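Geometric and topological summary
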Amino acid sequence: MENLISLVNKIQRACTALGDHGENSALPTLWDSLPAIAVVGGQSSGKSSVLESVVGKDFLPRGSGIVTRRPLVLQLHKIDEGSREYAEFLHLPRKKFTDFVAVRKEIQDETDRETGRTKQISSVPIHFSIYSPNVVNLTLIDLPGLTKVAVEGQPDSIVKDIEDMVRSYIEKPNCIILAISPANQDLATSDAIKISREVDPTGDRTIGVLTKIDLMDKGTDAVDILEGRAYRLKFPWIGVVNRSQQDINKNVDMIAARRREREYFNSTPEYKHLAHRMGSEHLAKMLSKHLETVIKSKIPGIQSLINKTIAELEAELTRLGKPVAADAGGKLYAIMEICRSFDQIFKDHLDGVRPGGDKIYNVFDNQLPAALKRLQFDKQLSMENIRKLITEADGYQPHLIAPEQGYRRLIESSLITIRGPAEAAVDAVHSLLKDLVHKAISETVDLKQYPGLRVEVGAAAVDSLERMRDESKRATLQLVDMECGYLTVDFFRKLPQDVDKGGNPTHSIFDRYNDSYLRRIGTTILSYVNMVCATLRHSIPKSIVYCQVREAKRSLLDHFFTELGKMETKRLSSLLNEDPAITERRSALAKRLELYRSAQAEIDAVAWSK
């Protein structure tokens, strides 16, 4: 039993140290899944005295009105006999308090630091631990006493604020409610019983404690309550006799107080038959035993939560990426690995493993052919333009067989218009490749971690694409220029000679260039231009793929890698500067993951040993 409760205490301490205690969180945490005991009662009901009796030490602030103004999360740890007792506060790590008067002062001071020297309350808990050979392993949460009216210096909402705070703790299904009620008041007016009944109507989580039994009016007793006849709970009521204010003023120690308490129940006829289950010592042992039972019943749920949380933490740590290496070699290696990851994602888009590469094929299969088809040769091959160029090409004497120079000029002026669709295809593919670069950057998890590197990689990739675009444009336009610079003579040799259909060469030059003749020239040139367009429709994509797509797959970041090799350590470090919030988040997650894995191993060991 001691080992099981000690294990839970250890996990709760670790949760508390990491801020994973969930008091103000709407999400379930490991802390929420671990059972704890919340002490609830009205003001002046004897809550503080009960706690001190369980601990066996004077350590809580005292006074009139609201004394407990912040939740006190107290963990008791049983240590070896003969060891010195001490206390520790979460907000003062590594400082041990051996003087419990100083513990009381620190609780008061820490309360004032949060609320000021007023009667205000705060939901921010004070976490502290007491290590003693005279305690049982427990986690107790002392909550502000419930009140019915606000006093001077308190807001009108104080009654509701305290009730809401108490309710936020005790409504959790893993919370054991220690309901403190004074015996010298009507149980029907007990604040502790009223709020406990609301959150735990079946009483499965409520343990009733009756204080001030020795202060009841003569002729009255609390037997009906203690025996469960006045108000039945699942667990038997426990009566305690706390030290009087006079005892406290005289510094009567807890050992003497406990002895006097035992004597009271053993010697009082009304309670003698109940003495074996009365008193603060019995209360502490009963709470410890009950806590062990609850913990055992909750182990499957705790294991499930731990396993789920570990998976979530691991997934988030993966998303945040690995921590940055310290040395220059490690930084360079990390950058290269991230760049390779980006480069592979970019290639996956081109190769169809990821979407996007198909849009490049659409340029070749639809956009380029459509642009070539939309070319209008009406201006170049109009009757007026043909007549003008044919006439000018003859010079001072007419052609004898065919106006070769006129043909060439007409063909060149028509083919030159293909440069537009060719350039447009190059630019369209360049735009698509840039889009794929941006997609690959957004899909490279590690680049999200380092904004500086993300910008540099993006800029380097786009610079490379622009160089490839310029080279592709030169090569592609050269294809068009080649067609303009050299005509395929076989095409024209297969045509019928003009001498047969061109009219009588003895007629004047103006008669010779009749409309029928010129239309035939236009038709011939259009046929040749269409043949060249069909050829370029296939050769332009080859040029673009060779100069842009293939080159992007092969050497997108080569220039950047060359520059990386020249960078100094300081510059490399700047590329791997991540958001400090991410660094802090990763560190916190790593600590939580270590806690949950440790808890998983220890809880599993306990579960298997049952």
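Residues numbered from 1 in each chain as written. Predicted model: local features only at pLDDT ≥ 70, side-chain atom pairs only at ≥ 80, totals over all residues. Heavy atoms only, no water.

Under the annotation held in an unreviewed UniProt entry, the protein chain carries the name Dynamin-related protein 5A and is attributed to Psophocarpus tetragonolobus. Listed in UniProt under the heading Sequence similarities (unreviewed entry), the comment for the protein chain reads: "Belongs to the TRAFAC class dynamin-like GTPase superfamily. Dynamin/Fzo/YdjA family." What UniProt states about the protein chain under its Subcellular location (unreviewed entry) heading is, verbatim, "Cytoplasm, Cytoskeleton, Phragmoplast". (UniProt positions renumbered as here; feature names shortened; annotations may be inferred.)

Section: the overall build of the protein chain
For the protein chain, the count of helices and strands is 24 helices and nine strands. Taking all 610 residues of the protein chain together, the buried fraction comes to 49%. Put simply, of all contacts in the protein chain between residues at least 6 apart along the chain, 80% involve residues at least 24 apart. A total of about 30,700 Å² of accessible surface is found on the protein chain, and carbon and sulfur atoms cover 52% of it. (Helix = DSSP H or I, 4+ residues; strand = E, 2+ residues; numbered from the N terminus. Buried < 20%, exposed > 50% of the residue type's maximum accessible area, 1.4 Å probe, protein only. Contact = heavy atoms within 4.5 Å. Areas by Shrake-Rupley, 256 points an atom, 1.4 Å probe, with all protein chains shown as cover.)

Let's talk about the pairing of strand β1 (residues 36-41)
Buried residues dominate β1, accounting for six of its six residues. Along β1, one buried face is formed by A36, A38 and V40 and the opposite face, lined by I37, V39 and G41, is buried too. One ladder, built from six bridges, connects β1 with strand β7 (residues 175-182); its direction is parallel. Along β7, the bridge assignment pairs A38 with I177. As judged from the three bridges shared by β1 and strand β6 (residues 138-142), these two strands associate in the parallel manner. Its bridge partner lying in β6, V39 is registered against D142. (Pairing = 2+ DSSP bridges.)

What to know about the pattern of salt bridges
For the structure shown, the criterion picks out 31 salt bridges. For K160, the salt bridge is made with D164, and the minimal N-O distance between the two is 2.7 Å. One end of the pair, K160, and the other, D164, are both in helix α5 (residues 158-170), four residues apart, so they sit about a helical turn from each other. With a relative accessible area of 35%, D164 lands in the partly exposed category. The residue D427 makes a salt bridge to K473 at a minimum N-O spacing of 2.9 Å. Placement of D427 in helix α15 (residues 419-443) and of K473 in helix α17 (residues 451-485) is noted, with a sequence separation of 46 residues between them. (Salt bridge = Lys/Arg side-chain N within 4 Å of Asp/Glu carboxyl O.)

What to know about the sheet that holds strand β8 (residues 206-211)
Taken together, nine strands build an open sheet; the order of strands is β4-β3-β5-β2-β6-β1-β7-β8-β9 and the sheet is mixed. Among the strands making up the open sheet, the edge pair consists of β4 (92-97) and β9 (238-239). As paired strands, β8 and β9 are joined by two bridges and run parallel to one another. Note on β9: the bridge partner recorded for L210 is G239. Its contacts with the sheet put helix α3 (residues 47-55) on β1, β2 (72-78), β5 (126-132), β6, β7 and β8, and the angle it makes with β6 is roughly 160°. (Axes fitted to C-alpha atoms, helices over the stretch in contact; angles between N-to-C directions.)

Describing unusual backbone geometry
Residue R94 is not a glycine yet carries a positive backbone phi of 70°. Turning to its location among the elements, R94 is positioned in strand β4.

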